[in-house]
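Working through the structure, step by step
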Amino acid sequence: MNMSQEFIRARSRVVQLVRRYFDEQSFLELHTPRLVGLPGQEPYLEPMWTEIVEDVTRSTYQAALITSPEYAMKRMLAAGFDKIYDLGPCFRNAEPWDGSHDPEFLMAEWYEKGIGLSELMDRTEAMVKYVVRNMEHGALRLDDNAFRRITVEQAMKEYAGVELGPLLGDKEKMASVCREHGQTVSETDSWDDLFFKIFLSEVELKLGEVPTFLTHYPASMAALAQKDPNDTRYALRTELYIGALELANGFVELTDVEEQRKRFEEEQELRRSLGKETWSIDERFMGVLPKMGQAAGIAFGVDRLAMLLSGTSSISDLMPIPVRERF
């Protein structure tokens with residue numbers, strides 16, 4: 001068997017094990033729509049758009065391939081499902097065609113009612129360990145110790161020597177710290193832009209030296225997460241890092257319609273300021289938001305876990321037809 005076949009078989013085995021883990025844990029697998037009329041509002045993700053033509057009337061509809069199944073899954077929570085997962089392809093345009101990205105990729109996204117951030121991390125850790133343990137010849141080895149859990153505030157202090165608390169929301173102070181760290185600062189930089197200049201250059205690449213859940217992002221980066229009721233400067237959000245890869249992004253889910261609308265409007269405005277296309281807020285999603293109840297969920301990059309287990313630094317190695325051979 002050549003190396004290409006080994007990589008492709010390893011990816012298939014990872015998919016099989018992820019699915020088996022959730023089935024054994026009594027999660028219901030859902031195959032949510034891949035084509036939607038109103039995709040997510042994230043400023044730095046670009047959907048792939050197409051046009052749907054109705055056969056009889058020849059009416060046309062703009063539709064997008066999903067960047068994640070998040071909205072549909074939350075509608076299912078609101079409909080009464082309590083332990084659900086979706087494992088399937090997602091699509092993102094204008095992504096780098098590099099080692100860790102592909103315009104089409106596999107995502108496992110799961111949600112569970114009645115849990116918080118700690119339980120969400122427990123579930124994610126258990127799934128990863130299950131897959132690693134059942135891979136016959138995986139390149140990734142994990143011991144029985146718990147994955148490390150560290151807040152963004154702690155990580156900035158440990159790796160960059162930056163005390164984050166006094167800088168929150170203060171663009172001038174954050175700009176000053178950036179300059180001290182040799183970063184270029186411009187008038188158009190937002191507070192978040194300035195934060196990431198330090199985070200990406202001094203913190204992120206060191207996080208996965210041991211499997212690490214990074215938690216409690218600044219509230220300005222909450223996305224669809226609740227703010228921490230014990231310290232509203234931070235959000236109940238986590239990301240998982242292993243090796244050089246960020247594998248997952250999860251939240252304790254926001255159910256406050258007024259707060260969610262405010263965030264969507266801010267994201268729309270940011271997209272406009274970046275010269276990007278905008279679209280309407282999904283009012284059907286907004287209408288069911290309060291019915292979700294207490295829940296947490298996470299989006300997990302299946303291909304990236306397969307990369308770690310295969311010992312390859314290129315997602316193209318896992319693809320039956322690599323991205324640059326498709327067009």
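Everything that follows concerns the structure shown earlier in this document.
Residues numbered from 1 in each chain as written. Predicted model: local features only at pLDDT ≥ 70, side-chain atom pairs only at ≥ 80, totals over all residues. Heavy atoms only, no water.

1. Focus: the packing of helix 4 (residues 152–160) against helix 6 (residues 191–207)
For clarity, the threshold we go by: Note on geometry: axes are C-alpha line fits, over the in-contact stretch for helices, and angles between N-to-C directions span 0 to 180 degrees. Only runs of H or I of at least four residues qualify as helices and only runs of E of at least two qualify as strands under DSSP, and these elements are numbered from the N terminus. Small angles under 35 degrees read as roughly parallel and large ones over 145 as roughly antiparallel, with 65 to 115 read as roughly perpendicular and the rest as oblique. Contact between two residues is taken to exist if any of their heavy atoms lie within 4.5 Å; hydrogens are not considered. Each residue receives one of three labels: charged for Asp, Glu, Lys and Arg, nonpolar for Ala, Val, Leu, Ile, Met, Phe, Trp, Tyr, Cys and Pro, and polar for the others, Gly being one of them.
At a closest axis distance of 9 Å, the pairing of helix 4 and helix 6 adopts a crossing angle of 80 degrees. Judged by the inter-axis angle, helix 4 sits roughly perpendicular to helix 6. Each of Val152, Ala155, Met156, Tyr159 and Ala160 in helix 4 lies in contact with helix 6, whose residues at this interface are Phe195, Ile198, Phe199, Glu202, Val203, Lys206 and Leu207. Tallied by class, residues from the contact of helix 4 with helix 6 come to ten nonpolar, no polar and two charged.

2. Structural notes on the sheet that holds strand 4 (residues 60–65)
To keep things clear, this is the line we draw: Whether two strands pair depends on DSSP finding at least two bridges between them.
Taken in spatial order, the three strands of this open sheet run 2-4-3, and their pairing is antiparallel. Two strands in the sheet have a free side with no partner beyond their single neighbour: strand 2 (35–36) and strand 3 (48–53). Pairing of strand 2 with strand 4 involves two bridges; the strand directions are antiparallel. For Leu35, the partnering residue across the bridge sits in strand 4 and is Leu65.

3. Section: the nonpolar core
The nonpolar side chains of a soluble globular protein tend to be buried, and buried together. What counts here: Residues belong to a common nonpolar core when they are buried Ala, Val, Leu, Ile, Met, Phe, Trp, Tyr or Cys residues joined through side-chain atoms within 4.5 Å. The cut-offs for exposure are 20% and 50% of the maximum accessible area for each residue type, with area from a 1.4 Å probe on protein chains only; residues under the lower value are buried, those over the upper are exposed, and the others partly exposed.
Counting residues in hydrophobic clusters, the biggest one holds 46 residues, and the most contacted among them are Val14, Trp110, Met127, Val128, Val131, Leu240 and Phe300. Listing elements by their share of this core, those giving two or more residues are helix 1 (3–24), strand 5 (83–91), strand 6 (104–113), helix 3 (117–134), strand 9 (237–242), strand 10 (245–252), strand 11 (295–301) and helix 9 (302–310). Among all residues touching Trp110, those that are not within four sequence positions of it are Phe22, Phe27, Ile84, Tyr85, Leu120, Arg123, Thr124, Met127, Ala296, Gly297, Ile298 and Phe300. Of all hydrophobic cores here, the second largest spans 25 residues; its members include Val162, Ala175, Phe199 and Leu207.

4. Some remarks on the pattern of salt bridges
Keep this limit in mind: Each salt bridge in this description consists of a side-chain nitrogen of Lys or Arg and a carboxyl oxygen of Asp or Glu lying within 4 Å of one another.
Counted according to the given criterion, the structure contains 25 salt bridges. Salt-bridge contacts for Asp231 lead to Arg233; the nearest nitrogen and oxygen are separated by 2.9 Å. Residue classification places Asp231 among the partly exposed positions, given a relative accessible area of 24%. Note on Arg233: relative accessible area 40%, which makes it partly exposed. Taking the shortest distance from any N to any O, the salt bridge between Asp282 and Arg284 comes out at 3.9 Å.

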